[in-house]
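# Architecture and fold: a report
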Amino acid sequence: MAYPNILEDVKKCIALDAPGKVPIFAISMDFDIKYCGINRIDYGRIFKKMVESSIKVVKEFDYDWILLHPDDYIEFEGIIKTKEDKKIPARPAGYIEPTLENIKKLKIPNFRKDFRMPVYLEALSKIKEIMGNDICLTGRLAAPFSSAALIFGISETMMLTIENNDIMRRVLDYSIALQIEWGREQIKSGADAIWIGDCVASSKFISPNTYERFAAKGAKIVSEEIKKAGGIAYYHAAESSKHHLEIMSDLGFDIINIGEEIEIKEAKEFINDKVCISGNLSPIKVLENGTIEDIKRETKKIMLDGKENGGFIFNTEEGIPDPTPEENIRAMIKTAKKYRYYSN
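Our subject in this report is the structure included herewith. Being a predicted model, the structure only gives us computed values, none of them experimental. Within each chain, residues carry numbers counting from 1 in the order of the written sequence. A pLDDT threshold of at least 70 governs which residues receive local features in this predicted model, and a stricter bar of 80 or more applies before side-chain atom pairs are shown or counted, although totals over entire chains, interfaces and linings include all residues. No hydrogens and no water enter the side-chain calculation; it runs on all heavy atoms of the structure.

What follows is about the sheet that holds strand β7 (residues 255–258). One requirement defines pairing of two strands: DSSP has to find at least two bridges between them. Labels follow the DSSP assignment, with helices taken as runs of H or I lasting at least four residues and strands as runs of E lasting at least two, numbered in each case from the N terminus. Spatially, β1-β4-β5-β6-β7-β8-β9 is the arrangement adopted by the 7 strands of the open sheet, whose pairing is parallel. Looking at which strands have only one partner, the edges of the open sheet turn out to be β1 (65–67) and β9 (312–316). In this sheet, neighbouring strand axes are inclined to one another by 25 degrees on average, regardless of whether the strands run parallel or antiparallel. Two elements, β1 and strand β4 (residues 136–142), share 3 bridges in a ladder whose sense is parallel. Note that in β4 the partner of Leu67 across the bridge is Thr138. Whether two residues are in contact is decided by their heavy atoms: any pair within 4.5 Å suffices. Axes here refer to lines fitted to C-alpha atoms; in helices the fit is confined to the stretch in contact. Angles between the N-to-C directions go from 0 to 180 degrees. Its contacts with the sheet place helix α6 (residues 117–131) against β1 and β4, and it is angled at close to 165 degrees to β4.

So, in structure tokens, the structure goes:
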């Protein structure tokens, strides 16, 4: 179950050094919730279940982190009405119209009093109290560009980058201010790292030019403030495009979690002299749908290629689907642990 020097090893990876062994993470919330026999609504709202399930899976599967991530809408509940379901994360019931009037109505919430945020922060504090520094406790937020998409919807946000740059800039300014404060509160509550989710800013949605114009600055500012507050800035867009990764690698993130469509060895060749890389086992092709031999082979390859010369953390490329067989998770972890040591 994790180990006492995990945070020191993560910091060595960030410094592009080689620790004694590679930290092993997995974006496993969906699988973990199902494994623990709880539903999405309870996990997102009940402090005790959030804490107990997070600790249970660390002890059971030997992850080196806890990523506390009920859904993307915790900090937006005062803006967007959500639909809750026992089987899937909270999702929007609708979006707000991207108008100047609506932008002016956007307020920074009281993170210690409003909606589900106090429960989330309390859960971080309790997990830190129980686990101490034997785990990399990771909070989460949406990067500013992806925040805009959570507020207005993806299609409207894409159109704003073309048709109304003023509204786009204003919502980005609001999102930067919101996420800086939300990140600081999580660090105060015990988070060692903050997962900066930005999948809507990936090459699946926008060009490198659009990324530079609208996504890069906000992500960089939020990252800088997380680091100033004492946290680790862990950026995730599941990105495989060289053009996007080159831009991202210059923005000052501590760690970038990369996509499955690029080989770890290739990514290390052109950005690993600037930033720690994590990734990139496919959660669907390999972990959910592959054979045990597929999982062992791919996990070994990623671990051996990734750990060469340091600056690497093992992780999945994206979230592990809840139908994934338990034995597949165990095969991934067992194989990753076997090859994690730099003395191998």
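Read on, since the account is not over.
Turning to its location among the elements, Lys113 is positioned in the loop between α5 (100–105) and α6. Spatially, the C-alpha atoms of Lys113 and Leu160 are 32 Å apart, while their sequence positions differ by 47 residues.

The next subject is empty space enclosed by the protein. Here a cavity denotes grid points, spaced 1 Å and computed from the protein atoms alone, that fit a 1.4 Å probe unable to get out, and a pocket denotes an open set having protein on both sides within 12 Å along at least 5 of 7 lines; residues with an atom within 4 Å of a point are the lining. Grid points are joined across faces, edges and corners, and a volume is the space filled by probe spheres set on the points. For the structure shown, the criterion picks out 2 cavities of 30 Å³ or more. In this model, the largest cavity occupies a volume close to 140 Å³. If you go around the largest cavity, you meet 14 residues; those closest to its centre are Ser28, Met29, Asp32, Val57 and Leu67. Mapped onto the lining of the largest cavity, the elements with two or more residues apiece are α2 (29–35), α4 (47–61) and β1. Considering each element in turn, the lining of the largest cavity owes the most residues, 4 residues, to α4. Each residue is assigned to one class: nonpolar for Ala, Val, Leu, Ile, Met, Phe, Trp, Tyr, Cys and Pro, charged for Asp, Glu, Lys and Arg, and polar for all the others, Gly among them. Looking at the lining of the largest cavity residue by residue, the classes come out as 10 nonpolar, 3 polar and 1 charged. The volume enclosed by the second largest cavity comes to roughly 50 Å³.

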